[in-house]
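These are the residues of each chain, in order.
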Amino acid sequence: MTVSAPADAQLAAPTVTDLGPASAVTSTSVAEQVGDRIWTITSGVSPVQVGAFDPATRTVDRKLSLPTGAGAWAMTHVGTDLYIGLYTPGDVYKIDTTTGTATKVAQFGSFIWSIAATPDGKLVAGTYPDGAVHEYDPATGATRSYGAAPGEQYVRSIAADATTIYAGVGTKAHLIAIDRATGDRREILPAKYADRTFVATLALEGTKLAASLSPTGTMLVYDTNDLSNPVEVQTPGGDQYITAITLDGPDIYLGTRPSGTLYRYRDNTLTRLGSPYDGAYFNRIFVAGSTIRAELTSQVVDFDESTGEFTGTDLGQAGLPPAPEQAMAITATRSSVLVSGKAGIQVHDLATGASTRTFLPGEAKTMTPVGQSVYLGVYTLARLWQMKPDGTALHELGQIGNEQTRPTDEAYDERSRTWLISTEPDYGKYDGTLVEQHLDTGQREVHRGVVPRQSVRSVTTADGIAYLGGATRNSLGTDPILPQATVVAFDLRTNKTLWETAPLAKAQSYSDVVVYRGKLYATTDEGRLAVLDPQTGKLLASTTIGAGQSRLTIARSGLYGTDSTRVFKVDGTTVTTVLDGLGAQIYSYPLITTSPNGDALYTIKGRNLIRIGGLR
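Just so you know, these numbers come straight off a predicted model, no measurement behind them.

(A) Focus on the pairing of strand β37 (residues 363–370). The element β37 is extensively covered by neighbouring structure, given that seven of its eight residues are classed as buried. Inspection of the sheet shows β37 paired to strand β38 (residues 373–379) by seven bridges, in the antiparallel sense. Within the sheet, the bridge partner assigned to Val370 lies in β38 and is Ser373. Between β37 and the antiparallel strand that follows it, β38, lie two residues; Gly371 among them carries a positive phi value of about 60°.

(B) Molecular detail of the side chain of Thr28. Secondary-structure assignment places Thr28 in strand β4 (residues 28–34). Among the polar contacts listed, one links the side chain of Thr28 to the backbone oxygen of Leu296, at a separation of 3.1 Å. Apart from residues no more than four positions distant in its own chain, Thr28 is found in contact with Thr40, Ile41, Thr42, Asn283, Glu295, Leu296, Thr297, Ser298 and Leu315.

(C) Examining the pattern of salt bridges more closely. Counted according to the given criterion, the structure contains 27 salt bridges. When the shortest N-O distance is used, the salt bridge between Lys365 and Glu363 registers 3.1 Å. What makes Lys365 buried here is its relative accessible area of 14%. In the salt-bridge network here, residues are joined through shared partners; they are Asp36, Arg37, Asp54 and Asp61.

(D) Up close: the sheet that holds strand β26 (residues 261–266). Spatially, β24-β25-β26-β27 is the arrangement adopted by the four strands of the open sheet, whose pairing is antiparallel. Bordering the open sheet on either side are β24 (241–248) and β27 (269–274), each of which pairs with just one other strand. Here the strands of the sheet are splayed against their neighbours by 25° on average, with no regard to which way each runs. Sheet analysis places β26 next to β27, joined by five bridges and oriented antiparallel. Its bridge partner lying in β27, Tyr263 is registered against Arg272.

(E) Spotlight on the environment of Thr433. Tracing the backbone shows Thr433 in strand β43 (residues 433–438). Thr433 sits 23 residues away from Val456 along the chain, and the two C-alpha atoms are 6.1 Å apart. The contacts of Thr433, once residues within four sequence positions are left out, are Ile400, Gln404, Ile421, Ser422, Thr423, Val446, His447, Arg448 and Val456.

(F) Local environment of the packing of aromatic side chains. For the structure shown, the criterion picks out 15 aromatic pairs. Judged by centre distance (6.4 Å) and plane angle (50°), the ring pair of Trp113 and Tyr154 falls under tilted. Of this pair, Trp113 sits in strand β12 (residues 111–117) while Tyr154 is found in strand β16 (residues 154–160), placing the two residues 41 residues apart along the sequence. Judged by relative accessible area, which is 2%, Tyr154 ranks as buried. By way of ring pairs, the aromatic residues Trp73, Tyr87, Phe111, Trp113, Tyr128, Tyr154, Phe198, Tyr281 and Tyr427 are connected into one cluster. The ring of Phe198 is capped by Arg156, whose NZ or CZ atom sits 4.6 Å from the centre of that ring. Here the basic side chain of Arg457 rests over the ring of Tyr589, its NZ or CZ set 3.2 Å away from the ring centre.

(G) Structural view of the pairing of strand β8 (residues 71–78). The pairing of β8 with strand β9 (residues 81–87) spans seven bridges and is antiparallel. If you follow Gly71 over to β9, its bridge partner there is Tyr87. Between β8 and β9, which follow one another and run antiparallel, lie two residues, and Gly79 among them has a positive phi close to 60°.

What counts as what
Residues numbered from 1 in each chain as written. Predicted model: local features only at pLDDT ≥ 70, side-chain atom pairs only at ≥ 80, totals over all residues. Heavy atoms only, no water. Buried < 20%, exposed > 50% of the residue type's maximum accessible area, 1.4 Å probe, protein only. Helix = DSSP H or I, 4+ residues; strand = E, 2+ residues; numbered from the N terminus. Pairing = 2+ DSSP bridges. Polar contact = N/O pair within 3.5 Å; in protein donor to acceptor, adjacent residues only side chain to side chain. Contact = heavy atoms within 4.5 Å. Salt bridge = Lys/Arg side-chain N within 4 Å of Asp/Glu carboxyl O. Axes fitted to C-alpha atoms, helices over the stretch in contact; angles between N-to-C directions. Phe/Tyr/Trp six-rings, centres within 6.5 Å; stacked < 30°, edge-to-face > 60°. Lys NZ or Arg CZ within 6 Å of the ring centre and 35° of its normal.

Shown next, in the form of structure tokens:
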């Protein structure tokens with residue numbers, strides 16, 4: 001569908017083409033078995049969908065939507081009642097699985113990370129950003145709040161027995177035992193593990209408590225009668241996360257990332273059972289007799305130990321169909337426009353208009369077309385991938401390491417054939433990086449702290465110089481060290497900083513940097529624009545371009561940008577609206593890109609991909 005869009009008098013009206021949902025996905029993050037059904041819930045789509053999977057028929061035969069929430073990481077059940085803890089907002093819903101009715105019963109802030117049932121039928125929940133533990137009593141509707149670890153923001157995992165709540169905390173790892181009667185708290189994580197970021201997963205059965213530590217892929221097994229001496233179990237092969245733990249009598253089953261491996265721990269021995277596919281994310285593992293079953297990002301798989309094989313059912317095909325999600329990154333090639341989201345890349349074929357999806361074990365935060373390839377910077381673990389513009393031939397190039405998890409921006413230096421990626425460090429860590437991935441040799445250089453005491457939010461390049469925009473918030477769970485963010489010029493040939501400046505007072509993050517017609521343009525998260533001399537870093541001019549974050553892109557007819565509400569053109573310090581009313585529902589930073597020949601822009605309107613042509 002093509003329609004005309006209003007524009008300011010100075011600009012001719014552009015041509016706007018709606019290309020349909022930008023990215024559509026069936027993505028889940030949690031599951032719980034009630035009776036013979038496995039219940040799960042979608043994330044990142046609106047409204048979120050709760051579905052019940054029947055392993056006998058391999059179908060989702062019950063489904064309902066919830067009126068609030070962007071998704072869920074937390075589920076538990078009491079009898080036949082399923083309880084779901086949501087995020088944005090942190091609502092708690094009760095699903096009566098016998099009737100399929102949903103009722104909101106409580107709210108704990110903005111984000112519920114974890115939820116568990118107590119033996120006496122109450123619920124305990126761990127939340128962000130208050131880093132607290134809350135209790136809800138279904139019998140009376142009463143709530144109670146406990147503390148967790150002072151100064152921390154995340155209670156990522158939770159478990160409870162008759163007397164004690166166990167709370168797994170980050171970004172500085174703690175495992176807190178809370179007396180349910182008195183509220184007294186004590187640390188039970190041995191001091192030698194204090195350098196870990198999270199106690200991310202907990203499982204409790206009887207007197208056995210299992211806890212996973214990130215980012216080392218370590219599991220501790222406690223006897224709750226004596227919490228002073230846990231047994232350490234270290235997963236092999238460089239896995240950093242244990243995303244699911246299930247206790248089954250003498251056995252412990254666990255799933256790891258990034259390899260996506262299923263293990264069994266028995267008689268002090270860790271045995272690798274297999275992997276359904278590279279990068280599989282285990283949300284939950286279920287054991288029923290000889291059957292081992294797991295719910296993954298978008299599948300339910302059964303493991304046959306006799307053959308070592310997995311048999312999977314795609315939840316989308318089973319009855320929980322993809323829905324438009326919040327896009328995360330966008331780029332354009334000669335043949336396609338690519339939009340990334342949860343666990344995949346949506347490939348929009350420009351010739352046919354068809355849209356297909358390529359699975360990716362992670363979230364592509366950056367995408368860089370170079371020749372016949374597209375290079376991806378993937379969260380978590382700051383992994384680097386390569387694929388063709390049609391989504392085929394996807395393979396991993398490696399990981400950035402250096403305690404980095406989140407790629408934030410990208411650029412390509414054509415002269416040296418170097419792909420540049422900027423990054424944010426892991427939870428609770430400091431100093432982001434500039435990464436040089438040399439495409440001709442495969443060599444990778446990681447420059448940590450090149451923007452001092454900040455994460456690196458944005459990057460661009462011109463004439464062998466990388467220009468970097470900093471962010472004072474180094475990572476989630478940290479407090480800024482500096483009063484304002486800086487912009488850095490870094491020589492890629494000598495690996496030396498040429499200059500560093502803080503051009504705009506009190507700016508906390510430079511959401512984008514672009515070199516255009518001999519000047520360096522830098523936007524801030526609060527809607528300001530700085531124009532700098534790229535040779536010296538001197539501030540030449542500044543203006544306000546909006547009220548929030550903006551991203552910029554260069555087209556044949558000029559410098560353009562978006563703040564998710566409108567597309568605008570920048571001419572010096574004059575900012576003119578090209579297209580208004582976007583209402584873009586995106587994940588994190590605004591999204592805009594230019595076609596390879598520079599004649600069109602692509603951006604997000606609502607949750608749809610649009611093409612803007614007729615630019616002048």
